[in-house]
Every structure is written in structure tokens, then in C-alpha cells.
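Listed here are the chains, written in short residue letters.
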Amino acid sequence: MSDAATYSQIESLRSGQRVEIRALRPDDRDALVAAVGRASAQSLYRRFFGAKREFSDQEIAFFVNVDFVDHVALVAVMEEHGQPSIVAGARYVVVQPGRAEVAFVVVDQLQGQGLGAALMRHLAGIARAAGLSELVAEVLSDNAPMLKVLERSGFPMTTRREGGVAHVVLQLS
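In what follows, the accompanying structure is described. (Residues numbered from 1 in each chain as written. Predicted model: local features only at pLDDT ≥ 70, side-chain atom pairs only at ≥ 80, totals over all residues. Heavy atoms only, no water.)

**Looking at helix α4 (residues 115-129)**
Here's step 1: Its 15 residues place the ends of α4 21 Å apart at the C-alpha level, agreeing with the 21 Å of an ideal helix rising 1.5 Å per residue.
Here's step 2: Every buried residue of α4 is accounted for by Leu115, Gly116, Ala118, Leu119, Met120, His122, Leu123, Ala124, Ile126 and Ala127.
Here's step 3: Just downstream of α4 lies Gly131, where phi reads positive at about 90°. (Helix = DSSP H or I, 4+ residues; strand = E, 2+ residues; numbered from the N terminus. Expected span 1.5 Å × (residues − 1). Buried < 20%, exposed > 50% of the residue type's maximum accessible area, 1.4 Å probe, protein only.)

**Let's talk about the environment of Val77**
Here's step 1: Assignment of secondary structure puts Val77 in strand β3 (residues 71-80).
Here's step 2: Assessed through its relative accessible area of 10%, Val77 is described here as buried.
Here's step 3: Along the backbone, Val77 and Val87 are 10 residues apart, and their C-alpha atoms lie at a distance of 5.9 Å.
Here's step 4: Sequence-distant contacts of Val77, that is, excluding residues within four places in its chain, are made with Val19, Glu20, Arg22, Pro84, Ser85 and Ile86. (Contact = heavy atoms within 4.5 Å.)

**Details of the sheet that holds β3**
Here's step 1: With respect to topology, eight strands assemble into an open sheet ordered β1-β2-β3-β4-β5-β6-β8-β7, the strand pairing being mixed. Each edge of the open sheet carries a strand with a single partner, namely β1 (8-12) and β7 (157-162). Averaged over all adjacent pairs, the angle separating strand axes in this sheet is 25°, with direction ignored.
Here's step 2: Where β1 meets strand β2 (residues 18-23), five bridges bridge the pair, whose relative direction is antiparallel. Counted as the bridge partner of Ile10 is Glu20 from β2.
Here's step 3: With respect to the sheet, helix α5 (residues 144-151) is in contact with β5 (99-106), β6 (134-140), β7 and β8 (165-171), its orientation differing from that of β6 by roughly 160°. (Pairing = 2+ DSSP bridges. Axes fitted to C-alpha atoms, helices over the stretch in contact; angles between N-to-C directions.)

**Topic: the environment of Ala88**
Here's step 1: Here Ala88 shows up in strand β4 (residues 83-96).
Here's step 2: Judged by its relative accessible area of 4%, Ala88 is buried.
Here's step 3: For the pair Ala88 and Asp108, spaced 20 residues apart in sequence, the C-alpha separation works out to 9.4 Å.
Here's step 4: The residues touching Ala88, leaving out its near neighbours within four places in the chain, are Leu74, Val75, Ala76, Val105, Val106, Leu115 and Leu119.

**Describing the pairing of β4**
Here's step 1: As paired strands, β3 and β4 are joined by 10 bridges and run antiparallel to one another. Across the sheet, residue Val77 finds its bridge partner in β4, namely Ile86.
Here's step 2: Hairpin geometry of β3 and β4 is characterised by an intervening segment of two residues between the two adjacent antiparallel strands and by a positive phi of about 55° at His81.
Here's step 3: Relative to β5, β4 is paired through eight bridges, and the arrangement is antiparallel. Across the sheet, residue Val94 finds its bridge partner in β5, namely Ala100.
Here's step 4: In this antiparallel pair of consecutive strands, β4 and β5, the connection spans two residues, and Gly98 shows a positive phi of 85°.

**Observations regarding the nonpolar core**
Here's step 1: Ranked by size, the top nonpolar core spans 53 residues in total, and within it Tyr92, Leu115 and Leu135 carry the most contacts.
Here's step 2: Per-element accounting of this core gives the leading share, eight residues, to α4.
Here's step 3: Not counting chain neighbours up to four residues away, the residues in contact with Leu115 comprise Leu13, Val19, Ala76, Val87, Ala88, Val106 and Leu110. (Core = buried A, V, L, I, M, F, W, Y, C linked by side-chain atoms within 4.5 Å.)

Here it is in C-alpha cells:
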């Protein structure tokens, strides 16, 4: 397990709200499931490329049990109604040496506040520190907000469109 497993930074959103970007922990299971439950059908469709409202125990285990070497997951946590709440998440999974696939989800109420960009910065920093040279993403072509996050990441980017999917490669080094 790497330093990524204990990662924690504070960010300010466009609204001025503060959010903690930190490593996902195994005890975040219920909070992660609750966050997914707050996402709209459209947001889940964009993330999973299909209608998705429930997850099997095996899928939940995959999302929560990360090794912080080949599978790194960050969450954005902010106070809501006096309680910490997961409002976004991002992860990468190494798919071959030096290359990892990334994925993001932000609860609808906070989209457009800079959470995706913040998660991208932190995840890319961890990826670079781990020696990764490329992050790849499969993004639905109509998912303009996610494509914008990737475009504005500051990393050289190539995009190839195939059907309704944009295949994006970010060069980290």
C-alpha cells in the first residue's frame, strides 16, 4: 500500500464551500453507496454506460476494496446537515504498466462547482508519483462536462471518437 492510502487535502469549491479530497477507506462503504443513490439516472448512465441503480455485493466490494497500488480511489467529503458526506469520487485502475483507466462521479447537486477538476488534479498527482505516464478514459461523447474536465487538466490529450464514445488519453509525462 502506498502513501495514496492516507492521502488527504482540503480544497475550496467555486461556491466557497470547503471539501476534503481523501483516500477512500473500507469503512466508507455505506457512505459511498448513499452517494451513488443520490446521483441521477443520467449521471449513473454517463459513468457506467448503461442504466444502473443497484450494485451487487461483488461490485460494491470492487469499488471499496482498493489496494492503492493498482487501484486508487479518492472521495470528496463535505459537511452536509452537520455530518460528513461523500459527494464525489474518482479512481484509477492500472490496465498495463504505466497506464491506468480513470473514472469519476459527482452528485448532481454539486456538478459545475469544480469537484471533477479537483479530483482530476489530485488523482493525476498520485498517478505521476506512482510512475504512471498515461491516464485513459472512455467517455460518452455527449458527456461534455467530463470531456471538459479532461481537456482542462493541463495534460497533453488525444481523443479518438468511435460510435458514441470518446477514447481519451492524457500524457502525464
